Amino acid sequence: IGFEPTPHDAEFIDDFLPERIVPNVVLMNPPFSSSGGRVERTRNKFGFRHVESAFRRLAPGGRFAVILGESGSPGSVSGKQFWDSMSPVVRVTRSIGLPGREYYRNGTTVGITMILGRKLSFRETGSEYLFNHHQKVVSVEDAFKTIESK
């Protein structure tokens, strides 16, 4: 698709990529609660740091799809706090929760949240917009139907 992967830890991707690289789409599945074994305790702030770094690099008007654990949902306390803090920069258009049982064949049963949206352009302001709707679905197929419905 026209690019080479980098060896950089995505938590610092904005710091290490050459300035000429400004993607208009970010698709990411950061660690939900750890940071490459560098910490003793797990916390979802490590996944949020990956997201923040990617948003700094994303072009104005660019779109994103982020997969986080359930605690990254705008419907959770920590997730709401994070996404509210991002509201001057991004507009969340969808937040869809999936139960962990959808992934048991892949070795995990952790529930996930898919968050879709876009980075605001220079002319837009997002401070008056706080996303407050999180939708839960029972299957990946239902998630795709939800995304297609709008």
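Cut-offs and rules
Residues numbered from 1 in each chain as written. Predicted model: local features only at pLDDT ≥ 70, side-chain atom pairs only at ≥ 80, totals over all residues. Heavy atoms only, no water. Axes fitted to C-alpha atoms, helices over the stretch in contact; angles between N-to-C directions. Helix = DSSP H or I, 4+ residues; strand = E, 2+ residues; numbered from the N terminus. Parallel < 35°, antiparallel > 145°, perpendicular 65-115°, else oblique. Left-handed = near helix turned anticlockwise from the far one by under 90°. Contact = heavy atoms within 4.5 Å. Nonpolar A, V, L, I, M, F, W, Y, C, P; charged D, E, K, R; others polar. Buried < 20%, exposed > 50% of the residue type's maximum accessible area, 1.4 Å probe, protein only. Pairing = 2+ DSSP bridges. Core = buried A, V, L, I, M, F, W, Y, C linked by side-chain atoms within 4.5 Å. Phe/Tyr/Trp six-rings, centres within 6.5 Å; stacked < 30°, edge-to-face > 60°.

Draft legend 1. Representation of the packing of helix α2 (residues 45–57) against helix α3 (residues 77–86) in the model. Here α2 crosses α3 at 15°, and the two axes come no closer than 12 Å. Considering their axes alone, α2 and α3 lie roughly parallel with respect to each other. Between α2 and α3 lies a crossing of right-handed hand. Mapping the contact onto sequence places F48, V51, E52 and F55 in α2 and S78, G79, F82, W83 and M86 in α3. In terms of residue class, the contact of α2 with α3 is built from six nonpolar, two polar and one charged.

Draft legend 2. Region of the structure containing the pairing of strand β2 (residues 63–69). Of all seven residues making up β2, five are buried, and the element is well covered by its neighbours. By the bridge criterion, four bridges tie strand β1 (residues 25–28) to β2 in an arrangement that is parallel. Among the inter-strand pairings, L27 is bridged to a residue of β2, identified as A65. Inspection of the sheet shows β2 paired to strand β4 (residues 112–119) by seven bridges, in the antiparallel sense. Opposite A65, over in β4, you have L116 as the bridge partner.

Draft legend 3. Region of the structure containing the pairing of β4. Among the eight residues that make up β4, seven are buried, leaving the element largely enclosed by the rest of the structure. Where strand β3 (residues 90–98) and β4 come together, eight bridges link them in antiparallel fashion. Pairing of G97 across the sheet is with T113, part of β4.

Draft legend 4. Structural view of the nonpolar core. The biggest cluster of nonpolar side chains holds 16 residues, and the ones touching the most others in it are V51, F55, F64, V66, L68 and W83. At the level of secondary structure, the elements contributing two or more residues to this core comprise β1, α2, β2, α3 and β3. Take this core: its biggest share by element is four residues, from α2. Non-local contacts of W83, meaning those with residues more than four positions away in its chain, are made with V51, F55, F64, L68, G72, S73, P74, V90, V92 and I115.

Draft legend 5. How the structure looks around the environment of L17. Mapping L17 onto the fold places it in the loop between α1 (13–16) and β1. For L17, a relative accessible area of 14% corresponds to the buried category. In the structure, L17 is positioned 40 residues away from R57 in sequence and 8.8 Å away in space, judged by C-alpha atoms.

Draft legend 6. Quick look at the packing of aromatic side chains. Under the criterion given, the structure shown has six aromatic pairs. Seen from their ring centres, F48 and F82 are 4.2 Å apart, and the 0° between their planes marks the pair as stacked. Placement of the pair is F48 in helix α2 and F82 in helix α3, with a sequence separation of 34 residues. Side by side, F48 and F82 carry an identical accessibility label, which is buried. Ring centres of F82 and W83 lie 5.0 Å apart, and the angle between their planes is 80°; this geometry places the pair in the edge-to-face category. Of the two residues, F82 and W83, both sit in the buried class. A connected cluster of aromatic rings, assembled from ring pairs, spans F48, F55, F64, F82 and W83.

Function cannot be inferred from these measures alone, as they are strictly geometric.
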